[in-house]
Amino acid sequence: MTAAPTAPPSGRRHDREILALAVPAFGALVAEPLFLMADSAIVGHLGTPQLAGVGVASAALSTATGVFVFLAYATTAAVARRIGAGDRRGAVQQGVDGLWLAAALSVPVVLLTLLLAPWVATALGASPTAAPYAVTYLRISSLGIPAMLLVLAATGVLRGLQDTRTPLVVAVAGFAANLGLNAGLVYGAGLGVAGSAWGTVLAQTGMAAVYLVVVVRGTRRERASLRPDRAGIRASARAGGPLLVRTVSLRAVLMLATAVAARLGDDQVAAHQVTMTLFNFLAYALDAIAIAGQAIIGRFLGAGDVPAARGATRRMVEWGVGSGVLLGLLAVLARPLYIPLFTPDPAVQAQLGTALLLLALSQPVAGLVFVLDGVLMGAGDGPYLARAALATLAVFTPVALAVPASGTGLAGLWWAMNLFLLVRAAFLVWRARGGRWLVTGAVRG
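Throughout what follows, the structure given in this document is the object of discussion. Starting afresh in each chain, residues are numbered from 1 along the sequence in its written order. Only residues with pLDDT of at least 70 are given local features in this predicted model, and only at 80 or more are side-chain atom pairs given and counted; all residues enter the totals for whole chains, interfaces and linings. Hydrogens and water molecules were not included; the side-chain quantities draw on all heavy atoms of the structure.

Attention now goes to the pattern of salt bridges. Salt bridges are defined by distance alone: a side-chain nitrogen of Lys or Arg within 4 Å of a carboxyl oxygen of Asp or Glu. Applying the stated rule across the entire model yields nine salt bridges. A salt bridge links Glu318 to Arg315, with the nearest nitrogen and oxygen atoms 2.6 Å apart. Note that Glu318 and Arg315 are positioned in helix α11 (residues 306-333) at a spacing of three residues, about one turn of the helix. Among the ionic pairs, Arg424 bridges to Asp373, the shortest N-O distance being 3.2 Å. One end of the pair, Arg424, is in helix α16 (residues 409-433); the other, Asp373, is in helix α13 (residues 346-378), with 51 residues separating them in the sequence. Comparing Arg424 with Asp373 shows no difference in burial state: the two are buried. Connected via shared salt-bridge partners are Asp15, Arg315 and Glu318. Here a strand is any run of E in DSSP of at least two residues, a helix any run of H or I of at least four, and the numbering for each starts at the N terminus. Working definition: with a 1.4 Å probe on protein chains only, accessible area under 20% of the residue-type maximum means buried, over 50% means exposed, and in between means partly exposed.

In structure tokens, the structure reads:
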């Protein structure tokens, strides 16, 4: 991989580069939820308690591992900087340190999941009939957590190396294997919920093994070391710490929104969950551009090319906002097609009307937010992102908590969600317009 060019590429060159990274990233992002939906269908045929138990366990696992997404984000930025500086050996070494950090973090997470599985199932509201299935799924699936965290870190390494195609191939192959294993173990071997969990663990382990082979080959090719380096691991942890705060803060917003919706009534919380499902799906398209931003901006700043970093940022903002406008229009126009798929209940459908309009209205802002979030991550500006996320949570919390008493219902909650995006956008735009995030060099000081 050669260093980044020293002159800002043309707009067309930016477009080619953005698409080359974003399109495979989008494919990898949507592969997981699509196959998880298929997994749910497999388990759903076992019975309602089984499906409910796996649903509770999956929510717990996604939260437990989702907070460690910084392993991908921080590694992408750090590796991309060194690629931009022309230090490919150092880039690979940085990635190895990220993998060791992932392995170290997975140990306490596995132990806590094994020990606290019954408590977690109860705390998340699993019924007495569903709780045993939730505990079984949690305990078996916890054995796949090391692989899950290694996949996150290795994905960050490859993105930093400007490669989003390999993660796409691994994601599709891995989740296809997951689907086949689950069907075979659940029905063929008669293992039920345990078979679904073991199928997921085996698929995750296979994905991690493929990534490790790719990284080890790259390490040997660049003559880097595979041994753990304490200083490098500490540096990875320092870079990831602020992003952990950011991620937890944003997840707190989503959890608080769900808790508020539950206080509004069954129809409202059902409509909220449908709206959030669509929100999360649309986010994958916008997040793909953000992932491209992490890799591109990190490389340009590593090369000391500030004009190119600003030019790429402007172009990605245009892509993000434009994509948000398009997705918002599609969300509105396609309502007659997808609403009946989620619910036949007229009362829930009535609640969805306003909520989905507000969701559509927010998509251009969401596009701006996702892109600038990725840009600042690529610049290694994690401490600012952490402070901005905490401040946004502080603004959102009292507004959301006031919704039940205000009588505005689900519409009021989604106005609060739009406020959340607007406040977040204000923080990110203010930062991007300045120059303090434009720190150049192979390592952000």
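Below, the discussion takes up the layout of surface pockets. Buried and open spaces are told apart on a 1 Å grid over the protein atoms alone, a cavity being a set of points where a 1.4 Å probe fits but cannot get out and a pocket being an open set with protein on both sides within 12 Å along at least five of seven lines. Residues with an atom within 4 Å of a point are the lining residues. Grid points are joined across faces, edges and corners, and a volume is the space filled by probe spheres set on the points. Estimates place the volume of the second largest pocket at around 690 Å³. Every element with two or more residues in the lining of the second largest pocket is listed here: α3 (70-84), α4 (88-123), α9 (230-264) and α14 (382-401). Side-chain classes follow a simple rule in which Ala, Val, Leu, Ile, Met, Phe, Trp, Tyr, Cys and Pro form the nonpolar group, Asp, Glu, Lys and Arg form the charged group, and the remainder, Gly included, forms the polar group. Tallied by class, residues from the lining of the second largest pocket come to 15 nonpolar, eleven polar and eight charged.

The next thing to look at is empty space enclosed by the protein. Summed over the entire model, instances satisfying the criterion amount to one cavity of 30 Å³ or more. For the largest cavity, the calculated volume is near 70 Å³. When contributions to the lining of the largest cavity are tallied by element, the ones reaching two or more residues are α9, α14 and α16. Grouping the amino acids of the lining of the largest cavity by side-chain chemistry returns six nonpolar, no polar and three charged.

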